[in-house]
Amino acid sequence: MTIRLLVSVEQSVRGENDLPALFNLSLVEITNISLLSELEERVCGILLEMHKAHREYRQQEDQNIVELAISHMKKNVADATLQSIAAEVFVTPNYLSMLFKIRTGKTFIETLTDLRIDEAKRQITETNLKNMDISRHIGYQDPRYFSKLFKQKVGLTPSEYRERKTGLLHRRLG
């Protein structure tokens, strides 16, 4: 009965996650155990190994989901929402939100804001777009809100940032 249980649990966990064998399940070793206390100890050890392997697999899978979500956010920074990105990575918005907090230490919206500000900085230094246009390109319809947020994150307004960056560039070239 114990052997059937262990084999069944291993197959269930492995099949569910498409994992290789989680541990070395020696059926001969188990059948040779004569004392119930030894059997209990070995079965508990096997179940703990299975749990640890499953947890490690889930942690890596969760990290991959966050990395994939960030990649989608970067590609579509202007229109990214928790719902749209969750759909892209095939998880629920609540689960994705929880993963972001656990894996990055930031909320989804904090991460998206950081990506948007990084993209704004890139556009400010690499294009001649007006701040109002940059604001819309990165997903903020209100340029004043964008300016306020940019100043909070960067310490400068978008215009001040542009002046500093272009001033540095002109000094280097001159």
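What counts as what
Residues numbered from 1 in each chain as written. Predicted model: local features only at pLDDT ≥ 70, side-chain atom pairs only at ≥ 80, totals over all residues. Heavy atoms only, no water. Salt bridge = Lys/Arg side-chain N within 4 Å of Asp/Glu carboxyl O. Helix = DSSP H or I, 4+ residues; strand = E, 2+ residues; numbered from the N terminus. Buried < 20%, exposed > 50% of the residue type's maximum accessible area, 1.4 Å probe, protein only. Expected span 1.5 Å × (residues − 1). Contact = heavy atoms within 4.5 Å. Arc of directions from axis to C-beta. Polar contact = N/O pair within 3.5 Å; in protein donor to acceptor, adjacent residues only side chain to side chain.

1. Thoughts on the pattern of salt bridges
Stage number 1. Tallied over the full model, the rule gives 8 salt bridges.
Stage number 2. Here Arg58 makes a salt bridge to Glu61, at a shortest N to O gap of 2.5 Å. Residue Arg58 and its partner Glu61 are both found in helix H3 (residues 36-75); the two are separated by 3 residues, about one turn of the helix.
Stage number 3. For Arg58, a relative accessible area of 26% gives the class partly exposed.
Stage number 4. Notably, a salt bridge pairs Glu119 with Arg122, separated by 2.6 Å at the nearest N-O pair. In this pair, Glu119 and Arg122 both sit in helix H6 (residues 108-126), 3 residues apart, roughly one turn of the helix.
Stage number 5. One salt-bridge network, in which partners are shared between bridges, spans Arg58, Glu61, Asp62 and Arg103.

2. What to know about H6
Stage number 1. Taking 1.5 Å per residue, 19 residues should reach 27 Å; H6 reaches 27 Å between its end C-alpha atoms and fits that length.
Stage number 2. The set of residues buried in H6 consists of Phe108, Thr111, Leu112, Thr113, Leu115, Arg116, Ile117, Ala120, Gln123 and Ile124.

3. Points about the side chain of Arg116
Stage number 1. Relative to the helices and strands, Arg116 is located in helix H6.
Stage number 2. For Arg116, the residues in contact, after removing those within four places along its chain, are Val77, Ala78, Ala80, Ile138, Gly139 and Tyr140.

4. Brief notes about helix H8 (residues 143-154)
Stage number 1. With 12 residues, H8 ought to run about 16 Å at 1.5 Å a step, and its terminal C-alpha atoms sit 16 Å apart, in line with that.
Stage number 2. Taken together, the buried positions of H8 are Phe146, Leu149 and Phe150. Buried residues of H8, seen end-on, are gathered within an arc of 105° and therefore sit on one face of the element. In H8, those exposed residues whose orientation departs by more than 90 degrees from the buried face are Arg144, Lys148 and Gln152.
Stage number 3. The opening residue of H8 is Asp142, an N-cap whose side-chain oxygen sits 3.0 Å from the backbone nitrogen of Arg144.
Stage number 4. Residue Gly155 follows H8 closely and has a positive phi angle near 95°.

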